[in-house]
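Now for the letters of each chain:
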Amino acid sequence: MPRIDAGSRHDLTDAQWGVLSPLLPEAPVRGRPRRYALRALIDGVRWRVRVGAPWRDVPARYGPWWRVYALFRVWQTAGVWERIEAELVAMADAAGRLDWQVSVDSTVCRAHVHAAGARRDSPQMVDGEPDDHALGVCRGGWSTKVHAAVDAGRGPLSALLTAGQRADCPMMVLVLEAIRVAHRGRGRPRRRPRRVLADKAYSSQANRAWLRAHHIRATIPVKADQAAHRRARGSRGGRPPAFDVTAYKDRNAVECCFSHLKQHRGFATRYDKLAVRYQATTHIASINHWLKRLT
């Protein structure tokens, strides 16, 4: 009876490869032909994101570790991982598998000691790298915070990185503005959900005003001090914002999404020195989610 390597149990299936392969960059016409199979290299990148091991520990069955890392780095610089994720989300929307009731929240990912040490004055600093490398100290220690918008099916639609001590409330509009789901045909990409669910950390006049201006229904509980201040003003305080208790129960979608993404140990613990590299890691974890959802 043939045996299946336990380490390969999470490699791309034929169905997943059939969905993914049309989205990959075309092979260059000039130059030497590719020596190592692209599918194996991609599986090597996915293995490292799932396991969180050093790049030098990538199994040899995927190819030389430096080729696997080179693919990860080059595609990160070229924005390929982000484009693949966007294409998969668009495919899910075209297939009717995307629910536009969006939940917003954040999660703190501890930074490993290997994530420290990136030079701030390096002449080889890549484009888009923040000055603080999205690293900071919060109650959880040296960490990065991932702010995400998630659809009702627990799929990430957008994700932004900040230092671990950054507050959630100011990031809500930025995360929602980062949503762009392209149509398969003509027309602008869709950017506005029909409803936004968030916990009371996102309750502010600015956030609620932005949602009203964009005709997005909000289900956000009011903080106790805000409610007391409104009552103290009497009739001048106005009516309290509407709150749908039943709809708010669906906010667990974002918590489940973070739980699924953190099964990738390279996501749950940050090992990358550069924020742009760790952002690519979040894209790859999201790609794995959408591949499973589409197949």
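Placed above this text is the structure.
A. Highlighting the environment of Lys273. Here Lys273 shows up in the loop between strand 7 (269–270) and helix 11 (275–294). A relative accessible area of 38% places Lys273 in the partly exposed class. Sequence spacing of Lys273 and Leu135 is 138 residues, and the spatial spacing of their C-alpha atoms is 9.3 Å. Contact partners of Lys273, with chain neighbours within four places excluded, come to His114, Ala115, Ala116, Gly117, Ala118 and His133.

B. Highlighting helix 4 (residues 80–94). The first and last C-alpha atoms of helix 4 sit 21 Å apart over 15 residues, in line with the 21 Å expected at 1.5 Å per residue. Residues of helix 4 that are buried make contact with helix 1 (14–20), helix 2 (38–51), helix 3 (65–78), strand 4 (156–163) and helix 11. Backbone geometry just after helix 4 places Gly96 at a positive phi near 75°.

C. Structural view of the pattern of salt bridges. Evaluated as defined, the whole model comprises ten salt bridges. The closest approach of N and O atoms between Glu177 and Arg192, which form a salt bridge, is 3.6 Å. Of this pair, Glu177 sits in helix 5 (residues 172–177) while Arg192 sits in the loop between helix 5 and strand 5 (195–197); the two residues are 15 residues apart in sequence, bridging distant segments of the chain. Residue Glu177 is classed as partly exposed on the basis of its relative accessible area of 23%. A single salt-bridge network, built from bridges that share partners, covers Asp105, Arg251 and Glu255.

Cut-off values and rules
Residues numbered from 1 in each chain as written. Predicted model: local features only at pLDDT ≥ 70, side-chain atom pairs only at ≥ 80, totals over all residues. Heavy atoms only, no water. Helix = DSSP H or I, 4+ residues; strand = E, 2+ residues; numbered from the N terminus. Buried < 20%, exposed > 50% of the residue type's maximum accessible area, 1.4 Å probe, protein only. Contact = heavy atoms within 4.5 Å. Expected span 1.5 Å × (residues − 1). Salt bridge = Lys/Arg side-chain N within 4 Å of Asp/Glu carboxyl O.

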